[in-house]
Amino acid sequence: MEDLVLIRKCLAGRSEAFEPLIAKYKNLVYSIALNTLSDKNEAADVTQEVFLKAWANLSKYNPEFSFKTWIARITVNHCININQKNKRVVAWDDEEMGRVVSEEKGPEEAVLACEKRLMVRKAIESLPEMYRIMINLYHQENLSYEEICTITGNPMTIVKNRLYRARKMLAEKLREYTGKSLEKEEISWIAVKHGT
Amino acid sequence: MDCSQAWNLIMEYFDKELPSDQEQKLMEHLKHCPACKGEFDALSSAFVEMEHMKEPAPPYLELKIMKRIKKAPRKGEIILPLVIAPLIILLALAALGLHVISQGGLSDFLAQTIRFLTISYRTFSAAIALLEQMFNSFYMRLSLTVLVILSAIFAGIYIVRNIRKAKTSFNGG
Ligand SMILES: [Zn+2]
């Protein structure tokens, strides 16, 4: 059923019409929260809070925009507020990720895949918050420029500019990391060669 | 092509907006420029990696959210217009009454109330009379008839559409 039909039902007091909306957008909300907060438990809590907020403010929803961008906007703002309140950097659950990857591939490939994934994650996390959000909305959530403008409340020029700069920073970070790991390999190879 | 031009093309490439002739030019530059090639490859694999990193929300969330919503139904809308507005009017009237009583005593208050009621009754009946006169005129009758017919047609369409919708959603599950 269309979002707008469901929203009208919700506004008429039929709360069960909200359930399909949660089912449809919980992954989007959770994913944005996880990428912005880097903590699974917190992302799950935020997902709940965001939907409750949306429910409470449903009468303010403007049907000119899609429900998807509306709820994404609530999520981004909520997460930025949380990050501002408790200035902190959270590390990823590497163990968990290793398990997920090794289920898919053989052990050696898994280690490589995991290292690569960690590297990408580390590089993205090192970006300033707004650039990280841009990269995630565009390249992970596959949202359009127009949608990102609505979600972040920024004009197109700023959105494009930020995304381009985010990509530049990301490329430089990744090259820095691969450069380091190459150096390490070289050093260990020399060490083996000289028998030390 | 210099590297800054190449970078612009790389951006368009990741926007999926790079025309194929430009793409060929870019690939030609990448063949000869390890710096640009390094950045291009790093970004390509990072974006592929990001697709795999996507994680679904925990499955229990829907139930949890629905439970909390049912516990705390949205009250704001019902309370605000239906209760607060009449409350404000009532309070204003009470304040006005108290003010008049304190100024001129109870008899004065009653006299003023009666006067107010008669005035509003007269205004009201005058308005009704005017409306009656208007509706009795030929044009008013004609346009009223057209309006009634039109709204009957719209109501009919609306009912039929809703019945169809209900049927399809019923059949579609
Ligand atoms: Zn170059």
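Up top you'll find the structure we're talking about.
We now turn to the structure provided with this report. Since the structure is predicted, the reported quantities are computational estimates derived from the model, not experimental observations.

## Overview of the overall build of chain A
In terms of helices and strands, chain A carries nine helices and zero strands. Listing the helices and strands of chain A from first to last along the sequence gives α-α-α-α-α-α-α-α-α. Looking at the 196 residues of chain A, the share that counts as buried comes to 45%. For chain A, contacts bridging at least 24 residues in sequence account for 63% of all contacts bridging at least 6. Roughly 10,500 Å² of accessible area belongs to chain A as shown, and the carbon and sulfur atoms make up 53% of that amount.

## Topic: a positive patch on the surface
A surface patch of positive charge is lined by Lys64, Lys67, Arg68 and Lys71 of chain B. A relative accessible area of 61% means that Lys67 of chain B is categorised as exposed.

## Re the interface of chain B and chain A
Contact with chain B, which involves 38 residues of that partner, is made by 47 residues of chain A. For the chain B and chain A pair, buried surface summed over both sides reaches about 4,000 Å², with 60% attributable to carbon and sulfur atoms. Between the two partners, chain B and chain A, sit six salt bridges. For Glu39 of chain B, the salt bridge is made with Lys168 of chain A, and the minimal N-O distance between the two is 3.4 Å. Here chain B is connected to chain A by 13 residue pairs in polar contact (both at pLDDT 80 or more). With 14 residues, helix H3 (residues 34-53) of chain B is the largest single contributor of residues to the side of chain B that touches chain A. Among the residues forming the side of chain B that touches chain A, the class breakdown is 22 nonpolar, three polar and 13 charged.

## Structural notes on the packing of helix H4 (residues 67-85) of chain A against helix H8 (residues 145-152) of chain A
Residues and elements named next belong to chain A. The contact between H4 and H8 brings their axes to 8 Å, and the two run at 50°. Here H4 is positioned oblique relative to H8, judged by the angle of their axes. The chirality of how H4 crosses H8 is right-handed. When H4 is examined against H8, the residues Lys68, Thr69, Ala72, Arg73 and Val76 are found in contact with a partner set consisting of Glu147, Thr150 and Ile151. Of the residues in the contact of H4 with H8, the class split is three nonpolar, two polar and three charged.

## Some thoughts on unusual backbone geometry
With phi around 60°, Ser38 of chain A is a residue other than glycine that occupies positive phi space. Within the secondary structure, Ser38 of chain A is located in the loop between helix H2 (19-37) and helix H3 (40-56). A positive phi angle, close to 60°, is found at Lys16 of chain B, a residue other than glycine. Positionally, Lys16 of chain B belongs in the loop between helix H1 (3-14) and helix H2 (20-32). Judged by relative accessible area, Lys16 of chain B falls into the exposed class, the value being 72%.

## Digging into the pattern of salt bridges
Between side chains of opposite charge, pairing is possible as soon as their charged atoms come close. A complete count under the given rule lists eleven salt bridges over all chains for this structure. Between Asp3 of chain A and Lys24 of chain A there is a salt bridge; the shortest N-O distance is 2.8 Å. Remark: Lys24 of chain A occurs in helix H2 and Asp3 of chain A occurs in helix H1 (residues 3-11); sequence separation between them is 21 residues. In this structure Asp3 of chain A comes out as buried when scored by relative accessible area, which is 12%. The exposure class of Lys24 of chain A is partly exposed, given its relative accessible area of 49%. A salt bridge links Lys40 of chain A to Glu55 of chain B; the nearest nitrogen and oxygen atoms lie 3.4 Å apart. Pair noted here: Lys40 of chain A is in helix H3 and Glu55 of chain B is in the loop between H3 and helix H4 (61-71), and the two residues belong to different chains. The exposure class of Lys40 of chain A is partly exposed, given its relative accessible area of 23%.

What counts, and where the lines are drawn
- Residues numbered from 1 in each chain as written.
- Chains lettered and ligands numbered in written order.
- Predicted model: local features only at pLDDT ≥ 70, side-chain atom pairs only at ≥ 80, totals over all residues.
- Heavy atoms only, no water.
- Helix = DSSP H or I, 4+ residues; strand = E, 2+ residues; numbered from the N terminus.
- Buried < 20%, exposed > 50% of the residue type's maximum accessible area, 1.4 Å probe, protein only.
- Contact = heavy atoms within 4.5 Å.
- Areas by Shrake-Rupley, 256 points an atom, 1.4 Å probe, with all protein chains shown as cover.
- Patch = residues over 30% accessible without salt bridge, like charges linked within 9 Å, V, L, I, M, F, W, Y side chains within 5 Å.
- Salt bridge = Lys/Arg side-chain N within 4 Å of Asp/Glu carboxyl O.
- Lys, Arg positive; Asp, Glu negative; His and termini not counted.
- Charge placed at Lys NZ, Arg CZ, Asp CG, Glu CD.
- Buried area = accessible area lost by both parts, 1.4 Å probe.
- Polar contact = N/O pair within 3.5 Å; in protein donor to acceptor, adjacent residues only side chain to side chain.
- Nonpolar A, V, L, I, M, F, W, Y, C, P; charged D, E, K, R; others polar.
- Axes fitted to C-alpha atoms, helices over the stretch in contact; angles between N-to-C directions.
- Parallel < 35°, antiparallel > 145°, perpendicular 65-115°, else oblique.
- Left-handed = near helix turned anticlockwise from the far one by under 90°.

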